[in-house]
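Analysis of the macromolecular model
Next come the chains, spelled out residue by residue.
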Amino acid sequence: MHLAYIHRTRAVAIVSIVAMHCVDDLDWSHNHQMYRFLVEMFQGATIVFMMISGFLFQHLSKRFEYGHYLKTKFKNVVLPYLFVGLPGVLLVLSKPYFLEQNPELVDASPWAQAAFLYLYGGSQLNHVLWFIPVLTIFYVCAPVFIHFLKRPAWFWSLLVLIPVSVLAHRTTVQKYHHLELAMYFLSAYMSGMVASLYREQVLAVCERYLGWLIAAFLAILLGHFLFTDYVGSYVQQVFSDEQGQIDWIYVQKFLFFFILITVLKKFDRAQLPTLDHLATVSFAIFFLHVYVLHVYSHFTHWHPFPGTALNTLALVVLVLSVSTALAQLTRRIFGRSSRLLIGA
């Protein structure tokens, strides 16, 4: 059964992810407070994506067969990752700073160096691709999640796992942090599974208390912005207090997921073609948008435009439009095979 509201939630998540990376590609040296506010708004949308992934895993789990599941994920996720990541890997390997930053690889073969960049996707040019190796950890652990679904009482472990995520904070995406990132996102993935397992009850509760959910979301967003000096939530080491004791952005985006599915469920029968199309090509946008931003930076000769609300909106629209157009062109040329190349 197609779940339109989950499909459309994916569109909102990808727009937020693209928006965050567009914000980072503008010059906010004279507008630091707006930069902080936009980071509050857009950072952490990957949490929503992880919750969607967990939701869909449960939704499709009745037909689960491990070998077939891994084969499908390899074709639809890992293969596009290998293909789309190739330009970024080759470009980084050609730069002298790569070995300066990774002296342990000086004597390694080019193949081993390339494998390193693929394993730690955040180290390559298309840095957002760290998400795929981390998500692959969850793919490999799928039988464990199936075990939980057969014994729902085990989901009480989320009472421990969610505080672990909130206290650990999200580490940077460079090398050697993948297990820590998997630990951070585990509670989001499993919460998505629970939301799907009990979706009728969850949606009923969320609809009843939607006003309170929105109020809590806004209070956390504005409170973190107004009463702290922190920018985002990234830390160098897990369980450090460099961004405060609590990862409020995790809590904020956790609530945002439930707000989104509740609101979008109300529009299940509405025609929203733009949102539906963005959702359909969301994986391709995720794979391609950093390359689009890289080309944009070349056109500006690495001198970013001033950070303003209007410039942010313009850049987000540009990147989404070009990424979507590239996805559409690839689909037209390669047909169904395009899914093996760009994930859509």
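This report concerns the structure included in the present document. As the structure is a computational prediction, the values presented were derived from the model and not from experiment.

A short note on empty space enclosed by the protein
Tallying each qualifying case throughout the model produces one cavity of 30 Å³ or more. Of the volumes computed, that of the largest cavity is approximately 40 Å³. Along its surface, the largest cavity is lined by Gln-43, Gly-44, Ile-47, Arg-170, Tyr-184, Phe-185, Ser-233, Tyr-234 and Ile-249. Here the residues of the lining of the largest cavity are counted per class, giving five nonpolar, three polar and one charged.

Considering a nonpolar patch on the surface
The grouping of Ile-214, Leu-218, Leu-222, Leu-226 and Phe-227 at the surface amounts to a nonpolar patch, some 500 Å² of accessible area in total. When you line up the elements, Leu-226 lands in helix H12 (residues 210-227).

Notes on the side chain of Ser-338
When you line up the elements, Ser-338 lands in helix H17 (residues 338-342). Judged by its relative accessible area of 2%, Ser-338 is buried.

Quick word on the side chain of Ser-240
Within the fold, Ser-240 resides in the loop between strand S2 (234-235) and helix H13 (248-265). Polar side-chain contacts of Ser-240 include one of 3.0 Å to the backbone oxygen of Gln-237. In contact with Ser-240, other than residues within four places in its own chain, are His-169 and Val-235.

Remarks on unusual backbone geometry
At His-169, a residue that is not glycine, the phi angle is positive and equals roughly 70°. The residue His-169 is located in the loop between helix H9 (158-168) and strand S1 (170-171) in this model. Backbone geometry at Phe-239 places phi at a positive 65°, although glycine is not the residue there.

Concerning helix H16 (residues 309-334)
The end-to-end C-alpha separation of H16 is 37 Å, in line with the 38 Å expected for 26 residues at 1.5 Å each. Residues Thr-312, Leu-315, Val-316, Val-319, Leu-320, Ser-323, Thr-324, Ala-327 and Thr-330 constitute the buried set of H16. Packed against the buried residues of H16 are helix H1 (4-24), helix H2 (32-42), helix H14 (273-280), helix H15 (282-299) and H17.

Details of the layout of surface pockets
There is about 1200 Å³ of room inside the largest pocket. In terms of lining, the largest pocket is formed by 37 residues, of which the most central are Arg-10, Leu-56, Leu-60, Lys-73 and Arg-339. The set of elements that each furnish at least two residues to the lining of the largest pocket consists of H1, helix H3 (45-59), helix H4 (66-93), helix H7 (131-140), H14, H15 and H17. Roughly 640 Å³ of volume is contained in the second largest pocket. Contributing elements (two or more residues each) for the lining of the second largest pocket: H1, H2, H3 and H15. Per element, the largest residue contribution to the lining of the second largest pocket is five residues, and it comes from H15. By residue class, the composition of the lining of the second largest pocket is 17 nonpolar, eleven polar and three charged.

Re the nonpolar core
By size, the foremost hydrophobic cluster in this structure holds 106 residues, and its most contacted members are Met-50, Phe-57, Phe-257 and Phe-258. Examining the composition of this core, we find that eleven residues originate from one element, H1, more than from any other. Residue contacts for Phe-257: discarding those within four places in its chain leaves Thr-9, Val-48, Met-51, Ile-52, Phe-55 and Ala-195.

So, the pattern of salt bridges
On inspection of all chains with the given rule, the structure shows three salt bridges. Linking Asp-276 and Arg-8 is a salt bridge whose minimum nitrogen-to-oxygen distance equals 2.7 Å. Taken together, the residues span a long stretch of sequence, with Asp-276 in helix H14 and Arg-8 in helix H1 at a distance of 268 residues. A salt bridge links Asp-268 to Lys-265; the shortest N-O distance between them is 3.7 Å. Judged by its relative accessible area of 26%, Asp-268 falls in the partly exposed class.

Criteria and cut-off values
Residues numbered from 1 in each chain as written. Predicted model: local features only at pLDDT ≥ 70, side-chain atom pairs only at ≥ 80, totals over all residues. Heavy atoms only, no water. 1 Å grid on protein atoms, 1.4 Å probe; cavity = no way out; pocket = protein on both sides within 12 Å on 5 of 7 lines; lining within 4 Å. Points joined across faces, edges and corners; volume = space filled by probe spheres on them. Nonpolar A, V, L, I, M, F, W, Y, C, P; charged D, E, K, R; others polar. Patch = residues over 30% accessible without salt bridge, like charges linked within 9 Å, V, L, I, M, F, W, Y side chains within 5 Å. Areas by Shrake-Rupley, 256 points an atom, 1.4 Å probe, with all protein chains shown as cover. Salt bridge = Lys/Arg side-chain N within 4 Å of Asp/Glu carboxyl O. Helix = DSSP H or I, 4+ residues; strand = E, 2+ residues; numbered from the N terminus. Buried < 20%, exposed > 50% of the residue type's maximum accessible area, 1.4 Å probe, protein only. Polar contact = N/O pair within 3.5 Å; in protein donor to acceptor, adjacent residues only side chain to side chain. Contact = heavy atoms within 4.5 Å. Expected span 1.5 Å × (residues − 1). Core = buried A, V, L, I, M, F, W, Y, C linked by side-chain atoms within 4.5 Å.

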